Amino acid sequence: FVLLCAFAGVASARTIYVPDDYAKIQWAVDSASDGDTIIVRDGTYYENVRVCRRYRLILKSENGSANCIIDGRKSGDVIYLEADGARIEGFTIRNSESFYTGINVLSDNNSIIGNNILNCYWGISLNYFNNSTIIGNNISNNYWGIALYYFNNSTIIGNNISNNEHGILLQNSNNNIISDNS
């Protein structure tokens, strides 16, 4: 019985394609279930994405950050991540509103991998949660590159943080691994 339930959970995870299945990334996120993968095809998507459901979700570009852009149009956070265990991978994320963020993380156990984040006030902001990984991102032309507030036990490795007013900010954050960043 336990084995059958385990396979049923894996079998129910779907792969959703934007714009094939849903014209907007937000619509795909809103229709996703625990464990789903959303693949975003090449193009520029003018929207703000809120991942607020409390389940694991993979949101990734089909062909990498040079080909897939999420442009916030200077309106709020470009990606607002409030779901635990999510992965954001392979996008160019640009143009948040003043004092807003490219990727604003307010949850635990997330991965942010291989993104270009530019023209935002905060490139990546992690607040009051734990255990996330930030690997291989290019974070440039923002006011702040990466900011951790009360964020613990996280890993920041191999990021290129350049042409920002400030690079990495740690405030009341403990047991984080920060290495091999430029």
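Just so you know, these numbers come straight off a predicted model, no measurement behind them.

This part takes up the overall build of the protein. A count of helices and strands for the protein gives 2 helices and 20 strands. Since a compact globule built from 182 residues should have a radius of gyration of about 16 Å, the 16 Å found for the protein is in line with a globular shape. With the C-alpha coordinates aligned to their principal axes, the bounding extent of the protein is approximately 50 × 35 × 25 Å. Counting all 182 residues of the protein, 46% fall into the buried class.

A few words now on the sheet that holds strand 20 (residues 177-179). In spatial order, the strands read 1-2-5-8-11-14-17-20; together these 8 strands make up an open sheet with parallel pairing. In this open sheet, the two edge strands, each paired with only one partner strand, are strand 1 (15-18) and strand 20. Across the sheet, the axes of successive neighbouring strands diverge by a mean angle of 10°, strand direction being ignored.

Only one face of strand 1 is buried: it carries Ile16 and Val18, and the other face, with Thr15 and Tyr17, is open. Bridge analysis of strand 1 against strand 2 (residues 36-40) gives 4 bridges, and the strand direction is parallel. Among the inter-strand pairings, Thr15 is bridged to a residue of strand 2, identified as Thr37. For the crossover that starts at strand 1, traverses helix 2 (residues 25-31) and ends in the parallel strand 2, the hand is right-handed.

Further remarks concern the pattern of salt bridges. Per the stated rule, a full pass over the model turns up 6 salt bridges. The residue Asp36 makes a salt bridge to Arg14 at a minimum N-O spacing of 3.1 Å. Of this pair, Asp36 sits in strand 2 while Arg14 sits in the loop between helix 1 (2-11) and strand 1, and the two are 22 residues apart along the sequence. For Arg14, a relative accessible area of 36% puts it in the partly exposed group. Linked by salt bridges that have partners in common, Asp20, Arg41 and Glu62 make up one network.

With that settled, consider unusual backbone geometry. Here the bond from Val18 into Pro19 is cis, since omega is 10°, no more than 30 degrees from zero. Inspection of the secondary structure puts Pro19 in the loop between strand 1 and helix 2. The phi torsion at Asn109 lies on the positive side, around 60°, for a residue other than glycine. With respect to the helices, strands and loops of the structure, Asn109 is situated in the loop between strand 10 (101-105) and strand 11 (111-113). In this structure Asn109 comes out as partly exposed when scored by relative accessible area, which is 45%. Located in the positive-phi region is Asn119, a residue other than glycine, with phi close to 60°. Here Asn119 shows up in the loop between strand 12 (116-118) and strand 13 (122-127). Assessed through its relative accessible area of 31%, Asn119 is described here as partly exposed.

Reading the values: rules and limits
Note on numbering: residues in each chain are counted from 1, in written sequence order. Restriction of local features to residues with pLDDT of at least 70 applies here, the model being predicted, together with a cutoff of 80 or more for giving and counting side-chain atom pairs; totals for whole chains, interfaces and linings are based on all residues. Excluded from the side-chain calculations are hydrogens and water; all other atoms, namely the structure's heavy atoms, are used. By the criteria applied, helices consist of DSSP H or I runs no shorter than four residues and strands consist of E runs no shorter than two, each listed in order from the N terminus. Only the C-alpha atoms count toward the radius of gyration. The rule for a globule is 2.2 Å times the residue count to the power 0.38. When accessible area is computed with a 1.4 Å probe and restricted to protein chains, residues below 20% of their type maximum are described as buried, those above 50% as exposed, and intermediate ones as partly exposed. Here, strands pair whenever DSSP counts at least two bridges between them. To get an axis, a line is fitted to the C-alpha atoms, and for a helix only the part in contact is used. The angle between two axes follows their N-to-C directions and goes from 0 to 180 degrees. By convention a crossover is right-handed if, when the strands point away from the viewer, the path from the first strand over the helix to the second runs clockwise. Here a salt bridge means any side-chain nitrogen of Lys or Arg lying within 4 Å of a carboxyl oxygen belonging to Asp or Glu.

Purely geometric stuff here, so don't read any function into it on its own.
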